[in-house]
Amino acid sequence: MALFNVFDIAGSSMSAQSVRLNTVASNLANADVVSTKEADVYRSRQPVFAAVMDTLNSGGQEQASIPVRVAAIVENKAAARQEFQPEHPMANKQGYIFRSNVNAIEEMANMMAASRSYQNNVEVFNTSKQLLLKTLTLGR
Amino acid sequence: MPISFDSALGVHEKALALRSQRVEVLASNIANADTPGYKARDIDFKSAMANVEAKSANALARTNSKHIQINNAVNSAEMLYRVPNQSSLDGNTVDAQVEKSAFADNALRYQATITFLDGKFKGMIAALKGE
């Protein structure tokens, strides 16, 4: 029954989107972290989504269900913000501190997109559940 | 006269199988709305249904008990790729609005098919009871 696969598909996407929400939370929490060296600074983390292509198990037929998974979590390579603050306790010998490269506006937009996608998948999940329940009452 | 569910239920049984397959494909599209490089897919229900009907019309009959049973189950329909109105830079062609409306439409038609099948079963039950 193809409808049962929908739970796997929507569930995989919901878990992927919640990983995305998690990275947004980490990024926003660490947005103001200050560091002495540029190498130690917190860098914004982003999940990379990938479709689960599994043609071997679909018996040569084209796969109808394609769940999603988080392939990797990558760090943003953008340069850390360097600020001249000689009186700061974390300042290096030259008087500079390094701030994380988290862009708060970008993260907020990311959070909204993730939560909308999550909601879409919940809706798909619920609709499929209703269809299955209706199928169970067939002939009653 | 033996009761054949195949002839009693008619086209609706096959339509239901195709509808549930389409639910799966559209759910995959919505799930992969944020996956880079994912290409949205869909089933052309009309041609898939015509295909299924042609197959069942040309089905081979078993005239001898030694004949091998041929599986006349609904084969999965041909998967087509959606033509995007505006694809995103990461190569993803899922338009969430299009997929959502297609999903809602498909769910409604699935329920319509269920209602038809329900009527068929109720009719059979009424005939069996003979009240």
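Below, the structure is looked at part by part. All figures in this text were calculated on a predicted structure; none of them were measured in a lab.

**A look at the overall build of chain A**
Part 1 of the argument: A count of helical and extended segments in chain A gives two helices and five strands.
Part 2 of the argument: The helix and strand sequence of chain A, counted from the amino end, reads α-β-β-β-β-β-α.
Part 3 of the argument: With respect to the three principal axes, the spread of C-alpha positions in chain A is 80 × 35 × 15 Å.
Part 4 of the argument: Across the 140 residues that make up chain A, the buried fraction comes to 38%.
Part 5 of the argument: Residue pairs at least 24 apart in sequence account for 66% of intrachain contacts in chain A once pairs closer than 6 positions are excluded.

**Focus: the packing of helix α2 (residues 12-31) of chain B against helix α4 (residues 96-129) of chain B**
All names here are of chain B.
Part 1 of the argument: Following both chains from N to C, one finds α2 and α4 inclined at 160°, their axes separated by 9 Å at the closest point. As far as their axial angle goes, α4 and α2 are roughly antiparallel. Note that α2 runs across α4; the crossing there is left-handed.
Part 2 of the argument: Here the contact of α2 with α4 is composed, by residue class, of twelve nonpolar, five polar and eight charged.

**Quick word on the pattern of salt bridges**
Part 1 of the argument: By the definition in use, this model includes nine salt bridges over all chains.
Part 2 of the argument: The closest approach of N and O atoms between Arg 20 of chain A and Asp 34 of chain B, which form a salt bridge, is 3.0 Å. Taken as a pair, Arg 20 of chain A in helix α1 (residues 2-29) and Asp 34 of chain B in the loop between α2 and β1 (41-43) lie in two separate chains rather than in one.
Part 3 of the argument: Asp 42 of chain B serves as the salt-bridge partner of Arg 82 of chain B, at 3.2 Å between the closest nitrogen and oxygen. Here Asp 42 of chain B lies in strand β1 and Arg 82 of chain B lies in the loop between β2 (79-81) and α4, a separation of 40 residues in the sequence.
Part 4 of the argument: Residue Arg 82 of chain B is classed as partly exposed on the basis of its relative accessible area of 23%.
Part 5 of the argument: Counted as one network, the salt bridges with shared partners bring together Arg 22, Asp 42, Arg 82 and Glu 99 of chain B.

**Looking at the environment of Gly 139 of chain A**
Part 1 of the argument: Turning to its location among the elements, Gly 139 of chain A is positioned in the segment after α2 (104-136).
Part 2 of the argument: Residue Gly 139 of chain A is classed as buried on the basis of its relative accessible area of 18%.
Part 3 of the argument: Once you skip the residues sitting within four places of it in the chain, Gly 139 of chain A turns out to touch Asp 118, Phe 121 and Ile 125 of chain B.

**Re the interface of chain A and chain B**
Part 1 of the argument: Residue-level contacts link 34 residues of chain A with 31 residues of chain B.
Part 2 of the argument: Buried surface at the junction of chain A and chain B, summed over both partners, amounts to about 2,700 Å²; 60% is from carbon and sulfur atoms.
Part 3 of the argument: The tally of links between chain A and chain B comes to one salt bridge.
Part 4 of the argument: Where chain A touches chain B, the interface holds 13 residue pairs in polar contact (both at pLDDT 80 or more).
Part 5 of the argument: When residues of the side of chain A that touches chain B are traced back to their parent elements, those giving at least two are α1, β2 (45-51) and α2 of chain A.
Part 6 of the argument: The leading source of residues in the side of chain A that touches chain B is α2 of chain A, at ten residues.
Part 7 of the argument: A breakdown of the residues in the side of chain A that touches chain B according to their chemical character gives 15 nonpolar, 14 polar and five charged.

So, how was this worked out
- Starting afresh in each chain, residues are numbered from 1 along the sequence in its written order.
- For naming, the first written chain is A and the first written ligand is 1, with later ones following in the order written.
- Where local features are concerned, this predicted model is filtered to residues with pLDDT of at least 70; where side-chain atom pairs are given and counted, the filter is 80 or more; whole-chain, interface and lining totals use all residues.
- Side-chain figures throughout are based on the complete set of non-hydrogen atoms in the structure, without hydrogens or water.
- Strands here mean DSSP runs of E at least two residues long; helices mean DSSP runs of H or I at least four residues long; both are numbered from the N terminus.
- Each residue is placed in one exposure class: buried if its accessible area under a 1.4 Å probe, protein chains only, is under 20% of its type's maximum, exposed if it is over 50%, and partly exposed if it falls in between.
- Two residues qualify as a contact provided that any one of their heavy atoms is within 4.5 Å of a heavy atom in the partner residue.
- Geometry is summarised by axes, namely lines fitted to C-alpha atoms with helices restricted to the contacting stretch, and by angles between N-to-C directions that run from 0 to 180 degrees.
- Any angle that falls under 35 degrees is termed roughly parallel, while one over 145 is termed roughly antiparallel, one within 65 to 115 roughly perpendicular, and all others oblique.
- Crossings are assigned a handedness: left-handed for a near helix turned anticlockwise from the far helix by less than a right angle, right-handed for a clockwise turn.
- Any residue outside Ala, Val, Leu, Ile, Met, Phe, Trp, Tyr, Cys, Pro, Asp, Glu, Lys and Arg is labelled polar, Gly included; the first ten of those are nonpolar and the last four are charged.
- What makes a salt bridge here is a side-chain nitrogen of Lys or Arg within 4 Å of a carboxyl oxygen of Asp or Glu, nothing more.
- Computed with a 1.4 Å rolling probe, the buried area is the accessible surface lost when two parts are put together, summed over both parts.
- Side-chain atoms alone can form a polar contact between residues adjacent in sequence; in general such a contact is a pair of N or O atoms within 3.5 Å, and within protein one must be able to donate a hydrogen while the other accepts it.

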